[in-house]
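Results of the structural survey
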Amino acid sequence: MSSSNDELERSGRQLEARIKKAFGRSLAIREVDSGSCNACEVEVNALTNPIFDIERFGLHIVASPRHADALLVTGPVARNMEHALMQTYLATPDHKIVIATGACACSGGIFKDCYATTNGLDKLLPVDVYIPGCPPRPQAIIQGLMVALDKMKEKAGHSTTSSKRLLDNDNGASGVAHDVF
Amino acid sequence: MNERLMGEIIASMEEELANGIKKTGIKGNHVWMTVEQSVFPKIAGHIHNSWGATLVSMHAVDNRFISSDYKLCIILALKGEDDFVTLVTSVDSKDTVFPSVTPEIFSADWYEREINDMFGLQAKGHPDLKPLVLYDDWPEGTYPLRKDFAADSRVLRIPRPYNYRNVEGEGVFVIPVGPVHAGVIEPGHFRFSVAGEPIIDLELRLGYVHKGIEKISERMPYSKGVLLAERISGDNSFAHSLAYCQAVEALCNAKVPERSRFVRCIFSELERIYNHLGDVGGIALDTAFSIGAQHAYILRERVMDINDLLTGSRFLRGVNCLGGVWKGIDERGRSKLIERLVMVKLDFQEFYDEVIGTPSVMDRLETTGVLSYEAAKDLNIVGPGARASGIDRDVRRDHPYAAYRDLSFKVPILTQGDVNARFQVKSEEIFESISIIEQALSNMPEGEPRIDIPTPEPGRTAMSLVESPRGELLHWIVSGEGKPFRHKIRDASFHNWRAMEVAVLGNIVPDFPLVNKSFSLSYSGNDL
Ligand code: SF4
């Protein structure tokens, strides 16, 4: 435990420094389960337990997408969740970071190539960071968030995909024209 | 199941029903009856109601390319015996209507909606046959579990209406919640109809995380199916993979090594402990008793950590395999585990006393979210939720698997049916689980943890029931060529979600999360 605790402390502090630099305040994350098996949720929840306690590093999981800087999405995007996910994405202010969390969100995982799922979040939304793992350990999620913050800096220089542009796009994940947007 | 018992069951039926039985057979503790479609509901109802049986599952099989029809099965578990009755009837491939079982067995309701969604077989006489998992914009006439539907099809979105229950009256208003919730939990949609403070109706709409797992399983070789089973409901990974492995092992009559049976019990109980710890912690949190909640979450983390240490997975994934377990528990793991359990036991006792000794918490738990014995029975509620409402049923004791026959444990039963009763049952079960692990560790024989098993021959049927932390779950498999021909999965939540609709009535909306946590329901396991 203790060596992994040190490790956690170290990466947590690095993350904290990056967040401070980028935002001057906490990073607000909204989590969306797009059809996960719930193990990814368990790990995201573990981030806030007293052992990992990410709030001390300036990470805050918020209840509404309207308060979020980043969307942390788990699951292979179930067909039945596409609409709700899209609405959550649109409700998140620009410029947002989108983080595909877990094998499912990265590629569809074990549920890919199925009538009820999408082969990964990036078929639907512009993804900034992929966190592999099934599920990714809490430490891996922290690591992924660090990558996300670096990206954020890069992104600030370029024009990003905004919700507006996405709205004009009609290539839904199902590969057919549909009216979910 | 012996001939005599089967004879008694048939003798207890009215003549008309008994005449509708076309064929019977006995296999182990299972009796199979092939019956006429017209008497199918009545016979099921008779065994369920007069024999006090519980409904284990109801599902269909697309057998059109083998016997030119669909098969419909109902599995009932007889009361107090380790015996099952499976009723099978045939549904015509053109005339896809069959008489509904719901008027006889109320909890067949969701099963029939599911069968309608997935196979396009309509239960005639069902009170409200609206979609269960495929809706919104799923085109009519497309049924994913039919054999002529390709698993990777892309299906057009064609809107169709979804009829919510309409609750009307002066001052009644509706609070729609979800599918995306405020917390980090799975998605689902709830509609509360409220008159003043109390909830007068709750309608659940699930299916948002439907991933087509049963269909995917039909293309997965058995060895990979274990991985899929682990991902049906993440926090019940071990219970699901165990049920899958046991079903496949039963398909080829394989006997797994003694050692693996004990190891399976140990990990099953570890899974129960960390899940229950999360639930009781969640209950504390939802009464705003944060200190207590964090205490439980620390303990949960300690258990997940020992899972990790023993297996390399916090979720006990990659442990079960066909023919046993990949990894046993060595001396070092054993002593670490014992050490950790002693700590958890002491700390949990402290948490428990803390909660019980805090009147403001107890005030929220007592008399909240009551599920009566009758309702629990009618809805076929399973697991701790059922045991807190006086239903004396636990698969580990009633249909023992793995090494549970060789281990002694109490099954806590309470009758109040409120959040407190569920809290108490789960708390007691944590202590029982620790004792089970201690026994299993000291009785575990030496030997190999696994054997190679042959690939099951096609056309056989087997099932396995497992007491997951949430309650009884089922895997039922008809074997195909190297992979399942049909794989029915039924998570405990598929029965238990219904309890929510009843238990919240008369309660205030802020108590909903509390009631929800006390039942601890899986969306993914329900929606598949
Ligand atoms: S990545 Fe793994 S743990 Fe996460 S949702 Fe998918 S199957 Fe579950």
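What counts and how
- Residues numbered from 1 in each chain as written.
- Chains lettered and ligands numbered in written order.
- Predicted model: local features only at pLDDT ≥ 70, side-chain atom pairs only at ≥ 80, totals over all residues.
- Heavy atoms only, no water.
- Helix = DSSP H or I, 4+ residues; strand = E, 2+ residues; numbered from the N terminus.
- Buried < 20%, exposed > 50% of the residue type's maximum accessible area, 1.4 Å probe, protein only.
- Contact = heavy atoms within 4.5 Å.
- Areas by Shrake-Rupley, 256 points an atom, 1.4 Å probe, with all protein chains shown as cover.
- Salt bridge = Lys/Arg side-chain N within 4 Å of Asp/Glu carboxyl O.
- Polar contact = N/O pair within 3.5 Å; in protein donor to acceptor, adjacent residues only side chain to side chain.
- Axes fitted to C-alpha atoms, helices over the stretch in contact; angles between N-to-C directions.
- Parallel < 35°, antiparallel > 145°, perpendicular 65-115°, else oblique.
- Left-handed = near helix turned anticlockwise from the far one by under 90°.
- Nonpolar A, V, L, I, M, F, W, Y, C, P; charged D, E, K, R; others polar.
- Domains from an automatic or database assignment.
- Buried area = accessible area lost by both parts, 1.4 Å probe.
- Near = heavy atom within 4 Å.
- Pairing = 2+ DSSP bridges.
- Disulfide = S-S within 2.5 Å.
- Phe/Tyr/Trp six-rings, centres within 6.5 Å; stacked < 30°, edge-to-face > 60°.
- Lys NZ or Arg CZ within 6 Å of the ring centre and 35° of its normal.

**Describing the overall build of chain A**
For chain A, the helix and strand inventory stands at six helices and five strands. Starting at the N terminus, the α and β elements of chain A follow one another as α-β-α-β-β-α-β-α-β-α-α. For chain A, the proportion of its 181 residues judged to be buried stands at 58%. Across chain A, the fraction of contacts at a sequence separation of at least 24, relative to all contacts at a separation of at least 6, is 80%. Counting only carbon and sulfur atoms, one obtains 51% of the accessible surface of chain A, whose full area is about 7,100 Å².

**What about the interface of chain B and chain A?**
Interface size is often expressed as the accessible area that is lost when the parts come together. Listed per partner, the contact involves 59 residues of chain B and 50 residues of chain A. Linking chain B with chain A are four salt bridges. For the salt bridge of A:E82 with B:R157, the shortest nitrogen-to-oxygen distance reads 3.0 Å. Between the two partners, chain B and chain A, sit 30 residue pairs in polar contact (both at pLDDT 80 or more). Of all the elements in the fold, those that place two or more residues in the side of chain B that touches chain A are α6 (213-217), α7 (222-230) and α10 (290-311) of chain B.

**A look at the environment of B:G196**
Residue and element names in this part refer to chain B. Structurally, G196 is set in the loop between β9 (189-195) and β10 (199-205). A C-alpha to C-alpha distance of 30 Å links G196 and F106, two positions 90 residues apart in sequence. The contacts of G196, once residues within four sequence positions are left out, are G171 and F173.

**Some thoughts on the packing of helix α11 (residues 331-356) of chain B against helix α16 (residues 419-443) of chain B**
Residues and elements named next belong to chain B. Contact geometry of α11 with α16 gives a least axis separation of 11 Å together with a crossing angle of 160°. The pairing of α11 with α16 is recorded here as roughly antiparallel in orientation. Where α11 crosses over α16, the handedness of that crossing is left-handed. For the pair formed by α11 and α16, the contact residues are R334, L337, I338, L341, V344, K345, F348, Q349, F351, Y352, V355 and I356 on the first element and F423, Q424, S427, I430, F431, I434, I437, E438, L441 and S442 on the second. Taken together, the residues of the contact of α11 with α16 break down into 15 nonpolar, four polar and three charged.

**What to know about the domain arrangement of chain B**
All names here are of chain B. Here chain B is partitioned into domain 1 (3-124), domain 2 (172-205) and domain 3 (213-526). Taking the mean C-alpha position of each, domain 2 and domain 3 sit 27 Å from one another. In this assembly, 17 residues from domain 2 lie in contact with 13 residues from domain 3. Buried surface at the junction of domain 2 and domain 3, both sides included, amounts to about 1,200 Å², of which 71% is carbon and sulfur. Where domain 2 packs against domain 3, one counts zero salt bridges. In this assembly, domain 2 and domain 3 are joined by five residue pairs in polar contact (both at pLDDT 80 or more).

**What to know about the pattern of salt bridges**
Residue and element names in this part refer to chain B. Scanning the entire structure with this criterion turns up 52 salt bridges over all chains. Residue R261 pairs with D406 through a salt bridge whose shortest N-O separation is 3.7 Å. Separated by 145 residues along the polypeptide, R261 in helix α9 (residues 258-286) and D406 in the loop between α15 (395-398) and α16 bring together distant segments of the chain. The exposure class assigned to D406 is partly exposed, which follows from its relative accessible area of 41%. With its nearest N and O atoms 3.0 Å apart, the salt bridge here joins R450 to D452. Under the relative-accessibility criterion, R450 is labelled partly exposed at 27%. Overlapping salt bridges bring together E269, R272, R387, D394, R396, E429 and E467 as one network.

**Some points on the site of the ligand**
Close to the ligand lie A:S36, A:C37, A:A39, A:C40, A:G102, A:A103, A:C104, A:G133, A:C134, A:P135, B:R231 and B:R317, which account for all nearby residues. Close to the ligand, residues of chains A and B are found. Within the residue set of the shell around the ligand, elements represented by two or more residues are α2 (39-46) and α4 (102-107) of chain A. Counting residues per element, the shell around the ligand draws most heavily on α4(A), at three residues. Class assignment of the residues belonging to the shell around the ligand gives a composition of seven nonpolar, three polar and two charged.

**Describing the sheet that holds β9(B)**
All names here are of chain B. Spatially, the three strands line up as an open sheet ordered β8-β9-β10, and their pairing is antiparallel. Pairing within the sheet leaves two strands with one partner each, and these edge strands are β8 (172-177) and β10. Sheet twist, expressed as the mean angle between neighbouring strand axes with direction ignored, is 15°. Sheet topology places β9 next to β10; six bridges connect them, and they run antiparallel. What sits directly across from H189, in β10, is R205.

**Some words on the state of the cysteines**
Residues and elements named next belong to chain B. Scanning the model with the defined rule gives zero disulfides over all chains in all. Between C252, a cysteine without a disulfide, and C245, which holds the nearest cysteine sulfur, the sulfur-to-sulfur distance is 11 Å. Judged by its relative accessible area of 15%, C252 is buried.

**Topic: the packing of aromatic side chains**
Residues and elements named next belong to chain B. Taken as a whole and assessed by the stated rule, the structure comprises 18 aromatic pairs over all chains. Plain terms: the ring middles of Y274 and F315 are 6.5 Å apart, the flat faces sit at 85° to each other, and that makes the pair edge-to-face. One end of the pair, Y274, is in helix α9; the other, F315, is in the loop between α10 and β11 (320-321), with 41 residues separating them in the sequence. As far as burial versus exposure is concerned, Y274 and F315 are alike and both buried. When the ring centre of F485 is taken as origin, the NZ or CZ atom of K147, which lies over that ring, is 4.0 Å away.

**Topic: helix α5 (residues 109-119) of chain B**
Residue and element names in this part refer to chain B. Counting buried residues in α5 gives eleven out of eleven residues, a clear majority hidden from the surface. When we look at burial in α5, the residues that qualify are D109, W110, Y111, E112, R113, E114, I115, N116, D117, M118 and F119. Phi for G120, located one or two positions after α5, is positive at around 70°.

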